[in-house]
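Listed here are the chains, written in short residue letters.
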Amino acid sequence: MKSSAIWSILVCFWSMFSAPATAMRDYIDVVGSSTVFAFSTVVAERFGKSSVFRTPKIESTGSGGGLKLFCQGVGMKFPDIANSSRRIKASELDLCQQNGVHEVIEILIGFDGIVLAQSKLGVNVELTRRELYLALAKRVPNPDGSKTTIENPYKTWHDITPSLPKIKINVFGPPPTSGTRDAFSELVLDYGCHTFEWLAQMSQPQSAVKRDVKDKKALINKQKRLCRMLREDGAYIDAGENDNLIVQKLNANPDALGLLGFSFLDQNRDRIKSAKIDGFLPSFRSISSGDYPISRPLYMYVKKAHIGMIPGVEAFIREFVSNKASGESGYLLRKGMIPLPKSQRQAIEQRMNALRPNGH
């Protein structure tokens, strides 16, 4: 047999056995929210130990970054699951559709609160959402009473409200890709902005006249400019997606505050505490009851096309939504996740059985 023929046979055999190794992936790939990351890693570790499947790979990329990766396409090189601390946006679903990700299963996994944490050595602070808006927005109402906005002039909390301490405004928080930051913008900055009636009217004008899509997008952009843009003069400090880093920075600076998910507060109560917001401290009870004003739902998004393609995807999801994990006495409760009511969990389990895509 000629050497060239032998070489051809060897190449053929190599292709047969090596191609599946590069095309096939035997572990689940999860990306997304740094808040949900803390819960996903716990579920992944238990799943890896108790099932026949490999421990899933979990990455903390932020909600926006994770959904962007998730929506890039279907196949082995794309993530199977995206964690998010906010609901998927219409623009993100459009990106999924454009890239062939046509069926996305939305799973509500629990609730979390956003806290304004501080070192246990810091002065106790009680804030309103209006005060937080005035402290952190890029532009704020002119103090002279005219219906105009100016670049944020406030340097200390005392400058905003005389009863607040004369401490420099210094808040560590996540980047724009973070669901925590998105939720904070909506639940705090928007709310505080709209306590000024004239600003509320400007950002949300009467909708008696029907608007086309272009007009709606222009309105959303106007609202963001008016209410949601964070100041860039050093009062708000982008600390990245690592919430543990924020905890370290708070301990190094007792006068600073930090935006964190409730779970990080709950796990670090020996080092940090939370400011009161609108009269409420964050707790399991105040968040689940809705009394604490900065609470949000947590989601998991799954590619239906990857169920059956990637080993263990469906089993991992079922572990996550199971009573032993996310139930009222589940192990995620001990990690700081606020569980769903039993009726909601049962509805999600039924939906999982049907494997229906989300209803967006």
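What counts, and where the lines are drawn
Going along each chain's sequence as written, the residues are numbered from 1 onward. Local features in this predicted model are restricted to residues of pLDDT 70 or higher, and side-chain atom pairs are both shown and tallied only at a pLDDT of 80 or more, whereas totals for entire chains, interfaces and linings draw on every residue. Side-chain measures were taken over the full set of non-hydrogen atoms in the model, leaving aside hydrogen atoms and water. Helix numbering and strand numbering both begin at the N terminus, where a helix is a DSSP run of H or I of at least 4 residues and a strand a DSSP run of E of at least 2. Relative accessibility decides the category of a residue: with a 1.4 Å probe and only protein chains considered, values under 20% of the type maximum give buried, values over 50% give exposed, and everything between is partly exposed. By definition in these notes, contact holds between two residues if any of their heavy atoms fall within 4.5 Å. Computed with a 1.4 Å probe, the accessible areas rest on the Shrake-Rupley method; for each residue, only the protein chains presented here act as cover. Criterion for a disulfide: a pair of cysteine sulfur atoms at a distance within 2.5 Å. Any carboxyl oxygen of Asp or Glu within 4 Å of a side-chain nitrogen of Lys or Arg constitutes a salt bridge here. Pairs of strands are assigned from DSSP output, requiring at least two bridges between the strands. Here a Phe, Tyr or Trp ring, Trp counted by its six-membered ring, pairs with any other such ring whose centre lies within 6.5 Å, and the pair is stacked when the planes are under 30 degrees apart, edge-to-face when over 60, and tilted otherwise. Simply put, an axis is a line fit to the C-alpha atoms, just over the touching stretch for a helix, and the angle between two N-to-C directions goes from 0 to 180 degrees. Crossing handedness is read from the near helix: turned anticlockwise from the far helix by less than a right angle, it gives a left-handed crossing, and turned clockwise, a right-handed one. Residues are grouped as follows: Ala, Val, Leu, Ile, Met, Phe, Trp, Tyr, Cys and Pro are nonpolar; Asp, Glu, Lys and Arg are charged; all remaining types, including Gly, are polar. For every residue, the pLDDT score states the predictor's confidence, bounded by 0 at the bottom and 100 at the top. What the arc measures is the spread of directions leading from the helix axis to the C-beta atoms. Definition of a polar contact: a pair of N or O atoms within 3.5 Å, with one able to donate and the other able to accept a hydrogen when the atoms are protein atoms, and with sequence-neighbouring residues admitted only if both atoms are side-chain atoms. Call a crossover right-handed when, viewed with both strands pointing away from you, the route from the first strand across the helix to the second goes clockwise. Reported orientations rely on four angle classes, namely roughly parallel under 35 degrees, roughly antiparallel over 145, roughly perpendicular from 65 to 115, and oblique for the rest.

A.B. asks: Describe the overall build of the protein, and please don't skip the residues or the numbers.
C.D. replies: Check the secondary structure of the protein and you find 15 helices and 13 strands. Buried residues in the protein amount to 49% of all 360 residues. Residue pairs in contact within the protein that sit at least 24 positions apart in sequence constitute 72% of those at least 6 positions apart. Here the protein has roughly 17,500 Å² of accessible surface; of this, 54% comes from carbon and sulfur atoms.

A.B. asks: Any details on the state of the cysteines? Residues and values, ideally.
C.D. replies: Enumeration over the complete set of coordinates arrives at two disulfides. In this model Cys 71 forms its disulfide with Cys 96; the gap between the sulfur atoms is 2.0 Å. Taking the torsion about the S-S bond as the criterion, the Cys 71 to Cys 96 disulfide, at about -65 degrees, is left-handed. Of this pair, Cys 71 sits in the loop between helix 3 (63–70) and strand 3 (81–84) while Cys 96 is found in helix 4 (residues 90–98), placing the two residues 25 residues apart along the sequence.

A.B. asks: Talk me through the pattern of salt bridges; I want residue IDs and the actual numbers.
C.D. replies: Summed over the entire model, instances satisfying the criterion amount to 17 salt bridges. For Asp 80, the salt bridge identified is with Arg 25, shortest N-O distance 2.8 Å. Here Arg 25 lies in the loop between helix 1 (3–23) and strand 1 (29–32) and Asp 80 lies in the loop between helix 3 and strand 3, a separation of 55 residues in the sequence. Grouping residues by exposure puts Asp 80 and Arg 25 together as buried. A salt bridge links Arg 139 to Glu 151; the nearest nitrogen and oxygen atoms lie 3.4 Å apart.

A.B. asks: Requested: an account of the pairing of strand 13 (residues 295–303), with residues and values cited.
C.D. replies: Counting buried residues in strand 13 gives seven out of nine residues, a clear majority hidden from the surface. Strand direction decides the pairing type here: strand 3 and strand 13, joined by four bridges, are antiparallel. Residue pairing in the sheet places Ile 81 in a bridge with Val 302 of strand 13. Across nine bridges, the pairing between strand 4 (residues 104–119) and strand 13 is antiparallel.

A.B. asks: Please set out the packing of aromatic side chains residue by residue, giving values where relevant.
C.D. replies: The tally for this structure, following the rule as stated, stands at six aromatic pairs. Here the aromatic rings of Phe 316 and Phe 320 are separated by 6.1 Å at their centres, their planes lie at 85 degrees, and the arrangement is edge-to-face. In this pair, Phe 316 and Phe 320 both sit in helix 13 (residues 313–321), four residues apart, roughly one turn of the helix. Residue Phe 320 is classed as buried on the basis of its relative accessible area of 0%. Taken together, the ring pairs connect Phe 47, Phe 53, Phe 316 and Phe 320 into an aromatic cluster.

A.B. asks: I'd like a description of the environment of Lys 147, backed by residues and values.
C.D. replies: Relative to the helices and strands, Lys 147 is located in the loop between strand 6 (139–141) and strand 7 (149–151). Residues Lys 147 and Phe 196, 49 residues apart in the sequence, show an inter-C-alpha distance of 9.7 Å.

A.B. asks: Residues and numbers for the side chain of Ser 63, please.
C.D. replies: Residue placement: Ser 63 occurs in helix 3. Judged by relative accessible area, Ser 63 falls into the buried class, the value being 0%.

A.B. asks: Outline the packing of helix 2 (residues 34–50) against helix 13, supporting the account with residue identities and numerical values.
C.D. replies: Interhelical geometry of helix 2 versus helix 13 gives an angle of 120 degrees and a closest axis separation of 10 Å. Between helix 2 and helix 13 lies a crossing of right-handed hand. Where helix 2 approaches helix 13, its residues Phe 39, Ser 40, Val 43, Ala 44 and Phe 47 are matched on the opposing element by Ala 315, Phe 316, Glu 319 and Phe 320. Partitioning the contact of helix 2 with helix 13 into residue classes produces seven nonpolar, one polar and one charged.

A.B. asks: Explain the confidence of the model for the protein to me, and be specific about the residues and the numbers.
C.D. replies: In this model, the protein carries a mean pLDDT of 86, and residues with pLDDT of at least 70 account for 86%. Per-residue pLDDT stays below 50 along residues 5–22; that stretch engages in four contacts with residues further than four places along the chain or on separate chains.

A.B. asks: Which residues make up helix 10 (residues 243–252), and what are the values?
C.D. replies: Note: α-helices contain 3.6 residues per turn, so residues at a spacing of three or four share the same orientation. Every buried residue of helix 10 is listed here: Asp 243, Ile 246, Val 247 and Leu 250. Across the axial projection of helix 10, the buried residues extend over an arc of 100 degrees, all falling on one side. Buried residues along helix 10 sit against helix 2, strand 4, strand 8 (171–173), strand 10 (257–261), helix 11 (262–267) and strand 11 (272–274). Its side-chain oxygen 3.0 Å from the backbone nitrogen of Asn 244, Asn 242 forms the N-cap of helix 10.

A.B. asks: An account of the environment of Thr 55 is requested, with residue identities and associated values reported.
C.D. replies: Here Thr 55 is to be found in the loop between helix 2 and strand 2 (57–58). Distance in space between the C-alpha atoms of Thr 55 and Ala 44 is 5.7 Å, their sequence separation being 11 residues. What Thr 55 contacts, discounting residues up to four positions off in sequence, is Tyr 27, Ala 44, Glu 45 and Gly 48.

A.B. asks: So, the pairing of strand 1: which residues are in play, and what are the values?
C.D. replies: In summary, the side chains of a regular strand alternate between the two faces of the sheet. Alternating positions in strand 1 separate into two faces, Asp 29 and Val 31 on one and Val 30 and Gly 32 on the other, with burial throughout. One crossover worth recording links strand 1 to the parallel strand 2 by way of helix 2, and it is right-handed.

A.B. asks: Describe the packing of helix 5 (residues 129–136) against helix 7 (residues 179–193), and please don't skip the residues or the numbers.
C.D. replies: Between helix 5 and helix 7, the shortest axis-to-axis distance is 7 Å and the interhelical angle comes to 95 degrees. The angle between helix 5 and helix 7 falls in the class roughly perpendicular. From helix 5, Arg 129, Arg 130, Leu 132, Tyr 133 and Leu 136 reach across to helix 7, where they touch Phe 184, Leu 187, Val 188, Leu 189, Tyr 191, Gly 192 and Cys 193. The residue makeup of the contact of helix 5 with helix 7, split by class, is nine nonpolar, one polar and two charged.

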